[in-house]
Amino acid sequence: MPIFLYIVIAYLSIFIHECGHYCAAYLFGVKATDVVTGMGIKILSIKTAHTRFIFKLFPSGGVTIYDLTDENKLNSFQQIIILLAGSTFNYITAVIASTLYYQTNLIEGFKILNQLISRFIISLTSMLSVHDFLIPDTSFTESIEIIANENTLQQYALFIILFMNVLLFLFNLIPIPFFDGGQIVSILLDPFLIKFGLHVELLEQIKTIINQAIGYFLVFLIVTPFLTRWYQNMMLSSNPKSELLKWILILLGAILLKRIFNTLSHLIRSNKI
């Protein structure tokens, strides 16, 4: 599958996640001022009556920013519901993709998806890898290649939608900063930490730094395998267009590395690492 389709599906999956937050907040009467998909340089902005939908260069995360006057009216329970809504939307999308990919009904698609999620969790917790996750006795990379070769482009796209939404569903429940699970833990624990003398501003600064570091690290993990293969293919080609793409790729890599370096420098200067 062309790399741009991976990118489009990644943007779509993250956008679906952010729409979950957006819709849940709307139900509680909270307006979202910005719905941001991706990280890095802004490449597209769509303005509606009350909200800007912003798409950034790297499809590795997102954020929904709310009107503070509305957000401050939310209680802890409502905030947690809004945070869980993102993963819920990803789960619903994965159920639909599972149903279409395996060409079955919604109930069977739901069952297949849960089996897939169970295998994924077991593979991570038992081996710290995704070996055997998709196809028994087969590595994750080999499994992806087999699935790609055995399916049409449309079916393979459905599988990638399924897989990416499963990842977003699960990883956003992890209770560490950057993910929704970490924000839920923060909502529950921050009042106790403040009672012990930690200032709100310091807590927010720490969380922001950790979020940036994790975000760019995820960009690096996600993008590197694809860019490496793309770069190798271009190096073997004498096509002028390939040469242009090669230098664009190098430029994007330099921007990414610079941002990672800036984040790490900030951490060091702040004595956080």
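In the nomenclature of an unreviewed UniProt entry, the protein corresponds to Peptidase, M50 family from the organism Turicibacter sanguinis PC909. UniProt lists a comment for the protein under the heading Subcellular location (unreviewed entry), and it reads "Membrane".

(A) Local environment of the side chain of Thr 93. For Thr 93, the position within the fold is in helix H3 (residues 76-101). Once you skip the residues sitting within four places of it in the chain, Thr 93 turns out to touch Ile 16, Ile 161 and Asn 165.

(B) Quick look at the UniProt feature "transmembrane region" (unreviewed entry) in the protein. With numbering matched to this structure, UniProt assigns "transmembrane region" (unreviewed entry) to residues 80-104, 156-178, 214-232 and 244-261. In residues 80-104, helix accounts for 88% and strand for 0%; the two terminal C-alpha atoms are 33 Å from one another.

(C) Molecular detail of the pattern of salt bridges. Inspection of every chain in the model, using the stated rule, returns 2 salt bridges. Where Arg 52 meets Asp 34, a salt bridge forms, and the shortest distance between an N and an O atom there is 2.7 Å. Linking Arg 52 in strand S2 (residues 52-66) with Asp 34 in strand S1 (residues 32-47), this pair joins segments that are 18 residues apart in sequence. Given the relative accessible area of 10%, Asp 34 is considered buried. Lys 111 is the partner of Glu 108 in a salt bridge, and the nearest nitrogen-oxygen pair spans 3.8 Å. On the criterion of helical spacing, the pair formed by Glu 108 and Lys 111 is a turn pair, its members being 3 residues apart in helix H4 (residues 106-127). For Glu 108, a relative accessible area of 32% puts it in the partly exposed group.

(D) Representation of the packing of aromatic side chains within the structure. Counting across every chain of the model gives 11 aromatic pairs. Here the aromatic rings of Phe 171 and Phe 179 are separated by 6.3 Å at their centres, their planes lie at 45°, and the arrangement is tilted. Residue class for Phe 171 comes out partly exposed when judged on its relative accessible area of 31%. Relative accessible area serves as the criterion here: at 8%, Phe 179 is assigned to the buried category.

(E) Just unusual backbone geometry, in detail. Phi angles above zero are rare outside glycine, and Gln 103 is one such case at about 50°. Among the structural elements, Gln 103 can be located in the loop between H3 and H4. Take Gln 103: its relative accessible area is 65%, and that puts it in the exposed class.

Calculation notes
Counting restarts for each chain, with residues numbered from 1 along the sequence as it is written. Reporting of local features is limited, given that this is a predicted model, to residues whose pLDDT is at least 70; pairs of side-chain atoms are given and counted only at 80 or more, and all residues count toward the totals for whole chains, interfaces and linings. In computing side-chain values, all of the structure's heavy atoms are included and hydrogens and water are not. UniProt positions are given in the numbering used here, feature names are shortened, and annotations may be inferred rather than shown by experiment. Where helices and strands are cited, they refer to DSSP runs of H or I of at least four residues and of E of at least two residues respectively, numbered from the N terminus. By definition in these notes, contact holds between two residues if any of their heavy atoms fall within 4.5 Å. Salt bridge criterion: a side-chain nitrogen from Lys or Arg within 4 Å of a carboxyl oxygen from Asp or Glu. Categorising residues by exposure relies on relative accessible area from a 1.4 Å probe, with only protein chains included: less than 20% of the type maximum marks a residue as buried, more than 50% marks it as exposed, and the intermediate range marks it as partly exposed. Centre distance within 6.5 Å is the pairing criterion for rings of Phe, Tyr and Trp, where only the six-membered ring of Trp is used; planes under 30 degrees apart are then read as stacked, over 60 as edge-to-face, and the remainder as tilted.

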